[in-house]
Amino acid sequence: MLRVPKTQWVTSLANATRCQSTSARRTTGDEYQYLQRSKIPMLHFQPSLPRLPIPELEKTCARYLAAQEPILTTDAFERTKQAVKQFSQEDGPKLQALLKEFDAKNKHTSYISEPWFDMYLRDRVPLPLNYNPLLMMNPDPRPAFNEPVLRTTNLVISSLRFMKSLRAKTLEPEVFHLNPAKSDTPMFRTVTSLMPSIISTYVAYTFKAYPLDMSQYEGLFGGTRIPELGKDRIYRNGSTRHVLVLRKGNMYAVDVLDAEGNIEQPATLLARFGRLFSDKKPPAADPLGLLTTENRDTWATARAHLVQLGNNAKSLEMVDSALFCLCLDDSTINPDNPIPAIREFLFGDGTNRWFDKSFSLIVAKDGTAGINFEHSWGDGVAVLRYFQEIFKETTTAPFAEVGLEGVDKHSNDAIVPIEFTLDDRVKAAIRTAENNHNAVVDSLDINYMKYEGINKSFCKKQRISPDSVMQLGFQLAYYKQHGKFVATYESCSTAAFRHGRTETMRPCTLATKAFCEEMERRDGAQKKKTAAELREMMNQCSTVHGQLTRDAAMGQGFDRHLFGLKHTAQRNGLALPALYQDPAYAAINHNILSTSTLSSPALLAGGFGPVVKDGYGIGYNIQDGYLGSVVTSYKPHSNGREFVDCLRAAYEDINKVLSATGPSSKEQ
């Protein structure tokens, strides 16, 4: 199951120049309507992006065995080796040839794109916790701008400016700058913009700048995942002018663009959102959004019945076609204990959400804001770019200032309640959905760990990868808790390729296993290693981790390749090879530790649910002042509190080794 991908390709956004706040920004012309008017056309690099490579079968088999060895018993590993040998000599070459043949006929895309979309849309599990992740935004550093109506107005304006730039294709192309000081420059933009699109990516490479795929961006606005029996579909509408607003479970279509498609004035939007925040209408008796928390077939059946009643087809069209969903909540956040707010934003009670929308912008009554997004249409690269852009603009150069008075001449026409005709069958389905959702969320435990003994600058001084340190901590913590090693998933973006999605990085290695066993060895039969020896083992962990990360980012992992070969067998009606029936294959895809880095200066916290009942969902961030992790787990299958305690102890142990030995003699 896919999570928000590794953000290594979007870190350059964090270093973007922050514009200064002004008390009199123009609200006329293109300066107001567009966030960016890029010198390089948004899709300029797209035609020359390299295609996602299909790894060599022999290398995939070797990588698969390397990932299996640390988590299997000796006997199980021997059986897996035999299955892999048979696969590499018999079934694998035939499937590899068929996959390459399929890839050659579809040069406009990647070999993983179609089966990956299909995998998402066919899964029948509910979206909250299983798929929809959360990104919670830092507060505005100026307290007055966190007033909820004002912050909502500014976030919506910046969202619309981003959308209009996207649709006009004037948004800055997504580029990872290896050395921003040398490549994130006017010269780079001038040179690459003058190059023909068919070679522009390769010209960018000479600057050590790497353009990224932007094909997923079109799914951000005006999109909804429609439930259907067996397989959902993605609906998109590029011509609507309204957002879907949920307030106490009540639903509204609120115009945010005028008849010509221009963004409404700040005072107008402030008035509209102010009216909804202060609306005295009681909570919805039958909040329809609860149905989006259900099993997808269950929801599909309920929706097919719902659409036959009254004017519900038209009402659902208003929901589905909305630019995005805006949830106005009554919750607040306690900075000393963010867990309740994280729970509310990640899944809540389901009454004030429509989880099927491409994304929901959530604003609480204290101005706390966040993004909850549906995952089938795309990965975290597009969402995180949008998230960071609107945070940057609203906290440095907002269009709605403190003291602005709301004025709206068309409020009666611009805010339209979305009404539904409900019969007893639909009401019963809502009650069942509520009970099912509550049962799941009541069993979910969320724990937060903030460790200040290690941070980004500390790791830099120690010349060791911060990500490898965090991942080593997860391995050591689980070993402390359970005395064994398990399948671990770290998401890595392959957006450097045309229609790339993600690749799995497998952080549980023979190197991490050896280190953890040595750190926890209690027998006195052999002298424990010195701090210097432990540091050398840690350096080896970091080296291996770095190589696996580079391989994954370059499309040279094994997970997506094996997935593609399996899909190829199914597509061609071939028997499933023995490798896929080996219990070890199921075990390595039963990801007990599902992890994703969510580091960004805009991010307060991020999280997602565990991908298996007995596992942990770990959203982590590496900041200048600390390491942070939001850990989700299901009771009674896992003990999240105990894991977080072990995680803190693990970082204490790692800190002792690093502090005792000083910087490594070589860069990791």
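Residues numbered from 1 in each chain as written. Predicted model: local features only at pLDDT ≥ 70, side-chain atom pairs only at ≥ 80, totals over all residues. Heavy atoms only, no water.

A. Broad picture of unusual backbone geometry. Residue Pro636 follows Lys635 across a cis peptide bond; omega there is 0°. On the secondary structure map, Pro636 appears in the loop between strand E18 (627-634) and helix H23 (640-661). In this structure, His499 is a non-glycine residue whose phi angle is positive, near 60°. As for its position among the elements, His499 is in the loop between strand E13 (488-493) and strand E14 (502-505). For His499, a relative accessible area of 22% puts it in the partly exposed group. (Helix = DSSP H or I, 4+ residues; strand = E, 2+ residues; numbered from the N terminus. Buried < 20%, exposed > 50% of the residue type's maximum accessible area, 1.4 Å probe, protein only.)

B. Fine view of the sheet that holds strand E11 (residues 415-417). Sheet architecture is open: eight strands sit in the order E11-E7-E6-E8-E9-E10-E1-E16, paired in mixed fashion. Pairing within the sheet leaves two strands with one partner each, and these edge strands are E11 and strand E16 (603-607). Here the strands of the sheet are splayed against their neighbours by 25° on average, with no regard to which way each runs. Judged from the six bridges that link them, strand E6 (residues 242-247) and strand E7 (residues 250-255) form a sheet pairing that is antiparallel. Across the sheet, residue Leu246 finds its bridge partner in E7, namely Met251. (Pairing = 2+ DSSP bridges. Axes fitted to C-alpha atoms, helices over the stretch in contact; angles between N-to-C directions.)

C. Quick peek at the environment of Asp653. By secondary structure assignment, the location of Asp653 is in helix H23. Along the chain, Asp653 and Asp286 lie 367 residues apart, while their C-alpha atoms are 52 Å from each other. Apart from residues lying up to four places away in sequence, Asp653 is in contact with Leu476, Lys480, Met519 and Glu520. Of note is the side chain of Asp653, whose polar atom sits 2.7 Å from the side chain of Lys480. (Contact = heavy atoms within 4.5 Å. Polar contact = N/O pair within 3.5 Å; in protein donor to acceptor, adjacent residues only side chain to side chain.)

D. Representation of the pattern of salt bridges in the model. Under the definition given, this model contains 35 salt bridges. Residues Asp140 and Arg142 are paired through a salt bridge, measuring 2.9 Å at the closest nitrogen-oxygen approach. Classification of Arg142 by relative accessible area gives partly exposed; the value is 23%. The closest approach of N and O atoms between Arg296 and Asp356, which form a salt bridge, is 2.9 Å. On the criterion of sequence distance, the pair formed by Arg296 in helix H10 (residues 296-306) and Asp356 in the loop between helix H12 (339-346) and strand E9 (359-363) is long-range, its members being 60 residues apart. (Salt bridge = Lys/Arg side-chain N within 4 Å of Asp/Glu carboxyl O.)

E. Main features of the packing of aromatic side chains. Summed over the entire model, instances satisfying the criterion amount to 24 aromatic pairs. Plain terms: the ring middles of Trp116 and Phe563 are 4.9 Å apart, the flat faces sit at 80° to each other, and that makes the pair edge-to-face. Residue Trp116 is found in helix H4 (residues 113-122), and its partner Phe563 is found in helix H20 (residues 559-571); the two are separated by 447 residues along the sequence. Using a relative accessible area of 6% as the deciding quantity, one classes Trp116 as buried. Within the aromatic cluster, the residues linked to one another by ring pairs are Tyr64, Phe87, Phe558, Tyr580 and Tyr585. (Phe/Tyr/Trp six-rings, centres within 6.5 Å; stacked < 30°, edge-to-face > 60°.)

F. Representation of the packing of helix H3 (residues 74-104) against H20. It is at 9 Å that the axes of H3 and H20 come closest, and there the two elements cross at 80°. As far as their axial angle goes, H20 and H3 are roughly perpendicular. From H3, Phe87, Leu95, Gln96, Leu98, Leu99 and Phe102 reach across to H20, where they touch His561, Leu562, Gly564, Leu565, Thr568, Ala569 and Arg571. Residues that form the contact of H3 with H20 fall into these classes: eight nonpolar, four polar and one charged. (Parallel < 35°, antiparallel > 145°, perpendicular 65-115°, else oblique. Nonpolar A, V, L, I, M, F, W, Y, C, P; charged D, E, K, R; others polar.)

G. Spotlight on the side chain of Asp140. Residue placement: Asp140 occurs in the loop between strand E1 (134-137) and helix H5 (148-167). Relative accessible area serves as the criterion here: at 5%, Asp140 is assigned to the buried category. A polar atom in the side chain of Asp140 sits 2.9 Å from the backbone nitrogen of Arg142. When residues no more than four places from it in sequence are discounted, the contact partners of Asp140 are Phe145, Asn146, Arg151, Thr394 and Thr395.

H. Layout of the state of the cysteines. Throughout the structure, instances matching the rule amount to zero disulfides. Distance from the sulfur of Cys325, which forms no disulfide, to the nearest cysteine sulfur (Cys327) is 3.7 Å. We note that Cys516 lacks a disulfide partner, and the nearest cysteine sulfur, in Cys541, lies 7.1 Å from it. In this structure Cys516 comes out as buried when scored by relative accessible area, which is 0%. (Disulfide = S-S within 2.5 Å.)

I. Just the sheet that holds E18, in detail. Reading across from one edge, E12-E18-E17-E15-E13-E14 is the order of the six strands in this open sheet, with mixed pairing throughout. The open sheet has two edge strands, strand E12 (444-451) and E14, and neither has a second partner. Within this sheet the neighbouring strands show an average axis-to-axis angle of 25°, counted without direction. Inspection of the sheet shows E12 paired to E18 by eight bridges, in the antiparallel sense. Bridged to Tyr451 within E18 is Leu627.

J. Summary view of the nonpolar core. Formed by 137 residues in total, the largest nonpolar core has its most connected members in Leu220, Phe324, Phe515, Tyr651 and Ile654. A domain split of this core shows at least three residues from each of domain 2 (127-170 + 217-444) and domain 3 (452-556 + 574-661). When near neighbours in sequence (up to four residues on either side) are disregarded, Tyr651 contacts Met449, Tyr451, Ile454, Val469, Met470, Gly473, Phe474 and Leu627. (Core = buried A, V, L, I, M, F, W, Y, C linked by side-chain atoms within 4.5 Å. Domains from an automatic or database assignment.)

K. View of the UniProt feature "active site" (unreviewed entry) in the protein. As recorded in UniProt, the feature "active site" (unreviewed entry) lies at His375. Counting through the fold element by element, His375 comes out in the loop between strand E10 (369-373) and helix H13 (380-396). Residue classification places His375 among the buried residues on the basis of a relative accessible area of 0%. (UniProt positions renumbered as here; feature names shortened; annotations may be inferred.)

L. Examining the environment of Ala168 more closely. By the secondary structure assignment, Ala168 is in the loop between H5 and strand E2 (175-177). Considering only alpha carbons, one finds Ala168 and Tyr34, 134 residues apart in sequence, at a separation of 8.9 Å.

M. Examining the domain arrangement of the protein more closely. Entries for the protein in the domain assignment read domain 1 (39-49 + 175-211), domain 2 (127-170 + 217-444) and domain 3 (452-556 + 574-661). For domain 1 and domain 3, the distance between their C-alpha centroids amounts to 34 Å.

N. Structural detail: the pairing of E7. Most of E7 sits inside the fold, with five of its six residues counted as buried. Linking E6 to E7, which pair antiparallel, is a turn of two residues; within it Lys248 sits at a positive phi near 55°. Sheet topology places E7 next to E11; three bridges connect them, and they run antiparallel. In the sheet register, Tyr252 faces E11, and the bridge partner there is Pro417.

O. Layout of empty space enclosed by the protein. Per the stated rule, a full pass over the model turns up seven cavities of 30 Å³ or more. Estimates place the volume of the largest cavity at around 70 Å³. Taken together, Asp213, Gln216, Tyr217, Asp379, Val381, Ala382, Ser493, Ala495, Gly500 and Arg501 make up the full set of residues lining the largest cavity. Grouping the amino acids of the lining of the largest cavity by side-chain chemistry returns four nonpolar, three polar and three charged. If you count residues domain by domain, the lining of the largest cavity takes at least three from each of domain 2 (127-170 + 217-444) and domain 3 (452-556 + 574-661). (1 Å grid on protein atoms, 1.4 Å probe; cavity = no way out; pocket = protein on both sides within 12 Å on 5 of 7 lines; lining within 4 Å. Points joined across faces, edges and corners; volume = space filled by probe spheres on them.)

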